[in-house]
Amino acid sequence: MEQLDETDKIILRILQKDAKKTAKEIAGQLKLTPSPIYDRIRRLESLGFIKKYVAILGKDLINKSVTSICQVSMRYHNETFIENFEQEIQKLEEVQECYHLAGQVDFVLKIHVNSLEEYHDFIKYKLSKIENIGVLNSTFVLKEIKHSSEYYI
């Protein structure tokens, strides 16, 4: 894997904070010319350091103000059941994140919905329909203290 030099890291930090920054703007911050910055950004994209550019939405403005962290424990732990769960969870738009864990809980889900009633319906009509779920444990976010999409590099 290719190593990042300090300029690459600075570019990645800048783009994590604001993906709309142009090569020219970044070059100005670094006191370099735009062309090598543009080339570095394209290289970082082609190597997979930059996976994609996204807009982060205001969840309250799009009616997704209820955030739940749902812990899922499976009844049986074999390859077929795990792969099935992973495939089925991809289809559920309410699930923003899903992690397969080691320990007492098998999966943790981050779910965004508009209301507790919508969450109830999501559990009842969608999530609980996935085969082999043993236990669901839901907790609800009262206040978001820190939210970041940035990695420390």
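Thresholds applied
- Residues numbered from 1 in each chain as written.
- Predicted model: local features only at pLDDT ≥ 70, side-chain atom pairs only at ≥ 80, totals over all residues.
- Heavy atoms only, no water.
- Helix = DSSP H or I, 4+ residues; strand = E, 2+ residues; numbered from the N terminus.
- Rg over C-alpha atoms; globule rule 2.2 N^0.38 Å.
- Buried < 20%, exposed > 50% of the residue type's maximum accessible area, 1.4 Å probe, protein only.
- Contact = heavy atoms within 4.5 Å.
- Areas by Shrake-Rupley, 256 points an atom, 1.4 Å probe, with all protein chains shown as cover.
- Lys, Arg positive; Asp, Glu negative; His and termini not counted.
- Charge placed at Lys NZ, Arg CZ, Asp CG, Glu CD.
- Arc of directions from axis to C-beta.
- Core = buried A, V, L, I, M, F, W, Y, C linked by side-chain atoms within 4.5 Å.
- Polar contact = N/O pair within 3.5 Å; in protein donor to acceptor, adjacent residues only side chain to side chain.
- Salt bridge = Lys/Arg side-chain N within 4 Å of Asp/Glu carboxyl O.

**A closer look at the overall build of the protein**
So, point 1. Per the secondary structure count, the protein includes five helices and four strands.
So, point 2. Taken from N to C terminus, the helices and strands of the protein fall in the order α-α-α-β-α-β-β-α-β.
So, point 3. In terms of C-alpha radius of gyration, the protein reaches 20 Å, well past the compact-globule figure of 15 Å for 153 residues.
So, point 4. Based on the C-alpha atoms only, the size of the protein along its principal axes is roughly 55 × 35 × 25 Å.
So, point 5. Here the protein holds 153 residues, and the buried ones make up 27% of them.
So, point 6. In the protein, 64% of the contacts between residues at least 6 apart in sequence involve partners at least 24 apart.
So, point 7. When the accessible surface of the protein is split by element, carbon and sulfur atoms take 52% of a total near 11,000 Å².
So, point 8. Of the side chains in the protein, 22 bear a positive and 23 a negative charge, and the two mean positions are spaced by 6 Å.

**A closer look at helix H5 (residues 116–125)**
So, point 1. Along H5, the residues classified as buried are Tyr119, Phe122 and Ile123. Down the axis of H5, the sector holding all buried residues measures 95°, keeping them to one side. Among the exposed residues of H5, those oriented more than 90 degrees off its buried face are Glu117 and Tyr125.
So, point 2. The elements touched by buried residues of H5 are strand S1 (66–74), strand S2 (95–100), strand S3 (107–113) and strand S4 (133–140).

**What about the nonpolar core?**
So, point 1. In this structure, Val72, Phe85, Ile89, Leu109, Ile111, Phe122 and Leu127 are the most contacted members of the largest nonpolar core, which totals 19 residues.
So, point 2. Listed by contribution, the elements that provide at least two residues to this core are S1, helix H4 (79–90), S3 and H5.
So, point 3. Grouped together as the second largest cluster of nonpolar side chains are 11 residues, Ile14, Ala23, Ile37 and Ile50 included.

**Describing the side chain of Asp106**
So, point 1. When you line up the elements, Asp106 lands in the loop between S2 and S3.
So, point 2. In this structure the side chain of Asp106 is engaged in a polar contact, spanning 2.6 Å, whose partner is the backbone nitrogen of Met74.
So, point 3. For Asp106, the side chain forms a polar contact with the side chain of His77, separated by 2.9 Å.
So, point 4. Excluding anything up to four places from it in sequence, Asp106 contacts Val72, Ser73, Met74, His77, Tyr99, His100 and Leu101.

**Examining unusual backbone geometry**
So, point 1. Backbone geometry at Asn63 places phi at a positive 60°, although glycine is not the residue there.
So, point 2. Along the chain, Asn63 turns up in the loop between helix H3 (34–46) and S1.
So, point 3. One non-glycine residue, Asn132, adopts positive backbone phi at about 85°.
So, point 4. Looking at the element boundaries, Asn132 is found in the loop between H5 and S4.

**A short note on the pattern of salt bridges**
So, point 1. Scanning all chains against the criterion turns up 12 salt bridges.
So, point 2. For Glu144, the salt bridge is made with Lys59, and the minimal N-O distance between the two is 3.8 Å. You can see Glu144 sitting in the segment after S4 and its partner Lys59 sitting in the loop between H3 and S1, a full 85 residues away along the chain.
So, point 3. On the accessibility criterion, Glu144 (43% relative accessible area) is partly exposed.
So, point 4. Owing to a relative accessible area of 23%, Lys59 belongs among the partly exposed residues under this scheme.
So, point 5. A salt bridge links Glu118 to Lys64; the nearest nitrogen and oxygen atoms lie 3.7 Å apart. Here Glu118 is found in helix H5, whereas its partner Lys64 is found in the loop between H3 and S1, with 54 residues between them in sequence.
So, point 6. The partly exposed category is assigned to Lys64, whose relative accessible area is 29%.

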